[in-house]
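Okay, here's what each chain looks like letter by letter:
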Amino acid sequence: MHKHLTAMIGILLVAVIFSGAFAEQVTLTSQSAPEGWTPASGNLDETFNDSIYYHNFTNRFYYYSDAADFYSGVRFTAPANFTLQAFRFLVSRGGEFDATTVQVYSNDGGQPDELLLTILDNEAPNSITLLDDWDTPPAWIECLIDEDDYIDFEIGEDFWIVVGPVPGETNTDWSTVIDDDGAVPGDRSKTGFNDSPTNLGSTVPYDYIFHALGAYDGTFVDLVGMTCYNDIQQFQLDANTPVTFTGRFRNAGTTASEAGTVTFAVADENGDEVFSTTADLPSVAALNADTVLVTATETWTPTTTGRYIVTATAAGGEENDTENNTAYLLQQVVALGDWYVYDDGDFNVNINMSATDGYGTRFYPTSYPAQIDSATWYFGSDTEDITLVVWIIADNQYATVWELTTDVVEGWNAFEITSEDYPEGIGINDGSFVLGMYGDGSYSVDSEPPVAASNYDMPNVGMSYDGSSLYLSESGNGGMRAMISRGVAPELQFPETTVSFFGVEPGSVGEAKFLIINNGTGIGRVDSVRISPTISDVVSVDESFPFAVEADSLPHEMTFLWAPTAAGNLSGGALLYHNDPNAQNPITVMISGTNDVLEISAAVPESYFMDQNYPNPFNPTTSVRFGLKEAGHVRLTVYNVMGQEVMRVVDQQLSTGVHEAVFDASRLASGIYYYSIEVNNFTDMKKMTLVK
């Protein structure tokens, strides 16, 4: 390649989109283009006959609404011998166009590498459009390259164009724009929040609106295999599971392709073909203007465990290099106790992590209940104090269930996934989990096809970690493998009672116990509790999530806390998420309470006492009167016939005198219950009967 000059620039705002199971790192905002506005979709200026871009822009665009000072980059591939003469990108939001830097880099392992040309050097371009308000159309920012600085790229050669830092953040700053319509060519659009244009750590699963403008060497067809996926959306399969494959294709050439064929083939680990079928491919429009889906006419049913490579290869009248005509898919057929893998063991990229950087690989068991027995991590060098972690994905949140800080050696490092709470391994009854790591070290990646982490038509696989949240990454197949066996389901029993607080004074904190019993043989897990917004400002849970509920053990006491700020009654509920596949999930827990215990008399009784409840039998409420010879902290507790606490009626400091508390058993089953009082050194217990 060698240099020349001239360029025009068009930038499409792109955003990092995070997996729905995980917290968002930045917010993405949508804006409709004004009526009648049509963005240029081919040549912005007749001086430049050809362009390379990857979006299929229509009438809506997106931008970061709370991110600032980030870099936006797109990796371009020359579909034929190509001369870069100009660049343009699309911007949105109000304000003048502040100075920025636009640079061209070579490509190395999916990242910008050697600086080839600086188009803008911390300056504004020579074509500027002011963005005054939301009714103003988005603006093309155009950058011309001097003819002496033109760059020639050979067919198939990759190069990056990076813009930044983008001011962003508020509605008064401009921002680059993204498009989520039509074709999305894998991991071409990336974003960096690290003050470095050559370290774009976050893959954007949409397209920045960037145009590399120039001239091709003639007209041509260039079919590109984008993704191959199956109809059940699984990378790992049980034997005898039939699947049907679909290929996604586009045409990066300058003229439409001929009608042709797509050949689907499956090869085993030895490279031997075990399945093949052909389907018709229609003509594909040029300049990435269309995305064509082709589905195989026959299904494949695997019978033998192992790792398979699926290919979908397009043929449609191409004369140029057809190397990128193939889309790939990893399929692994597994049995109980097998390792789940995405890589082939040949790691060709090492990424150096900083202290707070991390990466992860997401796994989806083929059947439930499942158990994570062991895991292995591959490192490019010996490293000290790396933190290895297992995150369970539940309730659209991730929770840490296993963590180990340790030294690792170059190559594979294997660990049993056990802990004090999970001595036999981590159980999972639905959803997925992530093997991850973070800290200073060398993270190893297999970036050769099939890259499961870049297949946006399949479930998310590649993850990144920024020290506080997980988000989508498409850097490649990480060096992480999990051994999964058939787990044993728990049998969780939740009390059919209201979590009731009585006599909690404003300014103090009351406690109420919620007992969870595991009658099964598998380890139960409570993932989270979501308290009703109407009471969440005063009610909380004194618990760290997730927590284990051991089989055949004492009930787990989950403590609810109520901190009333004023007198009055409490009424609301909570949703409790757990891992029992045979129980309602989430279950609803009702919560109620009152600030007052009725004082019947301030006269000091001669001794402590607790009367028989009245009425008895009762349905559903009954009253308990008790007397205090001296002031003290009173606990009035109700138990079932098994001796398990079902409600704490009173738990507070009371003055001398005679008091009365009301017990509401509306959510209890009929039967015999016991109630006891504890105050100072006095205790008493009586029996009562609930009849419904």
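Just so you know, these numbers come straight off a predicted model, no measurement behind them. (Residues numbered from 1 in each chain as written. Predicted model: local features only at pLDDT ≥ 70, side-chain atom pairs only at ≥ 80, totals over all residues. Heavy atoms only, no water.)

(A) Layout of the overall build of the protein. A count of helical and extended segments in the protein gives zero helices and 56 strands. Of all intrachain contacts in the protein linking residues separated by at least 6 positions in sequence, the fraction that spans at least 24 positions is 77%. Just so you have it, the protein exposes about 27600 Å², and 43% of that area is on carbon and sulfur atoms. (Helix = DSSP H or I, 4+ residues; strand = E, 2+ residues; numbered from the N terminus. Contact = heavy atoms within 4.5 Å. Areas by Shrake-Rupley, 256 points an atom, 1.4 Å probe, with all protein chains shown as cover.)

(B) Main features of the packing of aromatic side chains. A complete count under the given rule lists 28 aromatic pairs for this structure. An angle of 65° between the planes, with centres 5.8 Å apart, marks the rings of Phe347 and Trp412 as edge-to-face. Here Phe347, found in the loop between strand E26 (338–340) and strand E27 (349–353), pairs with Trp412, found in strand E32 (residues 411–416); they are 65 residues apart in sequence, far enough to count as distant. Centre to centre, the rings of Phe514 and Phe560 are 6.3 Å apart; their planes meet at 80°, and the pair counts as edge-to-face. Of this pair, Phe514 sits in strand E42 (residues 510–518) while Phe560 sits in strand E46 (residues 556–562), placing them 46 residues apart in sequence. As far as the burial class goes, Phe514 and Phe560 line up, both buried. Aromatic rings pair up to connect Phe87, Phe89, Trp174, Tyr208 and Phe210 into one cluster. (Phe/Tyr/Trp six-rings, centres within 6.5 Å; stacked < 30°, edge-to-face > 60°. Buried < 20%, exposed > 50% of the residue type's maximum accessible area, 1.4 Å probe, protein only.)

(C) The arrangement of the pattern of salt bridges in detail. Taken as a whole and assessed by the stated rule, the structure comprises eight salt bridges. A salt bridge links Asp343 to Arg481; the nearest nitrogen and oxygen atoms lie 2.6 Å apart. Of the two residues, Asp343 is situated in the loop between E26 and E27 and Arg481 in strand E39 (residues 480–486); the sequence distance between them amounts to 138 residues. Here Asp343 falls in the buried class, since its relative accessible area comes to 1%. Across the pair Arg625 and Glu660 runs a salt bridge whose closest N-O atoms are separated by 3.5 Å. Placement of Arg625 in strand E51 (residues 621–628) and of Glu660 in strand E54 (residues 657–664) is noted, with a sequence separation of 35 residues between them. (Salt bridge = Lys/Arg side-chain N within 4 Å of Asp/Glu carboxyl O.)

(D) Structural detail: the layout of surface pockets. In this structure, the second largest pocket spans a volume of roughly 360 Å³. If you go around the second largest pocket, you meet 22 residues; those closest to its centre are Gln493, Pro495, Glu496, Asn640 and Val646. Counting only elements with at least two residues in the lining of the second largest pocket, the list comes to E42, strand E53 (645–654) and strand E55 (671–679). Of all the elements, E42 adds the most residues to the lining of the second largest pocket, at four residues. Split into classes, the residues belonging to the lining of the second largest pocket amount to twelve nonpolar, six polar and four charged. (1 Å grid on protein atoms, 1.4 Å probe; cavity = no way out; pocket = protein on both sides within 12 Å on 5 of 7 lines; lining within 4 Å. Points joined across faces, edges and corners; volume = space filled by probe spheres on them. Nonpolar A, V, L, I, M, F, W, Y, C, P; charged D, E, K, R; others polar.)

(E) Examining a negative patch on the surface more closely. On the surface, a cluster of negative charge is made up of Glu420, Asp421, Glu424 and Glu550. Its location among the elements puts Glu550 in the loop between strand E45 (547–549) and E46. (Patch = residues over 30% accessible without salt bridge, like charges linked within 9 Å, V, L, I, M, F, W, Y side chains within 5 Å. Lys, Arg positive; Asp, Glu negative; His and termini not counted. Charge placed at Lys NZ, Arg CZ, Asp CG, Glu CD.)

(F) Representation of the environment of Leu120 within the structure. Looking at the secondary structure, you find Leu120 in strand E7 (residues 111–123). Residue classification places Leu120 among the buried positions, given a relative accessible area of 5%. It is 4.9 Å that separates the C-alpha atoms of Leu120 and Thr101, two residues lying 19 residues apart in sequence.

(G) Up close: the sheet that holds strand E56 (residues 682–690). Strand order in the open sheet formed by four strands is E53-E52-E55-E56, and the pairing between neighbours is antiparallel. Of all strands in the sheet, those with a lone pairing partner are E53 and E56, marking the two edges. Across the sheet, the mean angle separating the axes of adjacent strands is 15° when strand polarity is ignored. (Pairing = 2+ DSSP bridges. Axes fitted to C-alpha atoms, helices over the stretch in contact; angles between N-to-C directions.)

(H) Focus on the confidence of the model for the protein. Averaged over all residues, the pLDDT of the protein equals 82, while 85% of them reach at least 70. Mean pLDDT values for the elements of the protein range from 60 in strand E1 (residues 28–32) up to 97 in strand E22 (residues 273–281). Low pLDDT, under 50, characterises residues 1–26; the stretch is placed with 169 contacts to residues that sit more than four places away or in other chains. Counting interchain partners and residues more than four positions distant, the pLDDT-below-50 stretch residues 129–134 has 18 contacts. (pLDDT = per-residue confidence, 0-100.)

(I) Main features of the sheet that holds strand E41 (residues 499–501). Spatial ordering of the open sheet is given by E41-E48-E47-E43-E45, a layout of five strands whose pairing is mixed. Where the open sheet ends on each side, the last strands, each with one partner, are E41 and E45. Looking at each pair of strands side by side, their axes are set apart by 30° on average, direction ignored. As paired strands, strand E43 (residues 524–531) and strand E47 (residues 569–578) are joined by five bridges and run antiparallel to one another.

(J) Here's a closer look at unusual backbone geometry. Here Asn585 and Pro586 are connected by a cis peptide whose omega angle stands at 5°. Summarising the element assignment, Pro586 is placed in the loop between E47 and strand E48 (587–594). For the bond from Asn619 to Pro620, the omega torsion is -10°, close enough to zero to count as cis. One can find Pro620 in the loop between strand E50 (609–610) and E51. The phi dihedral of Asp69 is positive, around 55°, even though this residue is not glycine. Note that Asp69 resides in strand E4 (residues 68–77).

(K) Representation of the environment of Asn251 in the model. Position of Asn251 relative to the elements: it lies in strand E20 (residues 245–251). The exposure class of Asn251 is buried, given its relative accessible area of 0%. With 31 residues separating them along the chain, Asn251 and Phe220 place their C-alpha atoms 9.9 Å apart. In terms of polar contacts, Asn251 uses its side chain to reach the backbone amide nitrogen of Asp222, at 3.0 Å. A polar contact is formed between the side chain of Asn251 and the backbone nitrogen of Gly253, at a distance of 2.8 Å. (Polar contact = N/O pair within 3.5 Å; in protein donor to acceptor, adjacent residues only side chain to side chain.)

(L) Quick look at the nonpolar core. Counting residues in each nonpolar core, the largest one holds 66 residues, and the members touching the most others are Phe245, Trp300, Trp377, Phe433, Leu435 and Met437. With residues up to four places along the chain from it excluded, the contact list for Met437 reads Met353, Asp357, Gly358, Tyr359, Trp377, Phe379, Ile386, Thr387, Leu388, Val389, Tyr443 and Met480. Counting 42 residues, the second largest nonpolar core, distinct from the first, contains Phe97, Val104, Tyr150 and Tyr216. (Core = buried A, V, L, I, M, F, W, Y, C linked by side-chain atoms within 4.5 Å.)

(M) Seen up close, a nonpolar patch on the surface. A cluster of nonpolar residues, Val641, Met642, Ile672, Tyr674 and Met685, forms a patch on the protein surface that exposes about 500 Å² of accessible area. Secondary-structure assignment places Ile672 in strand E55.

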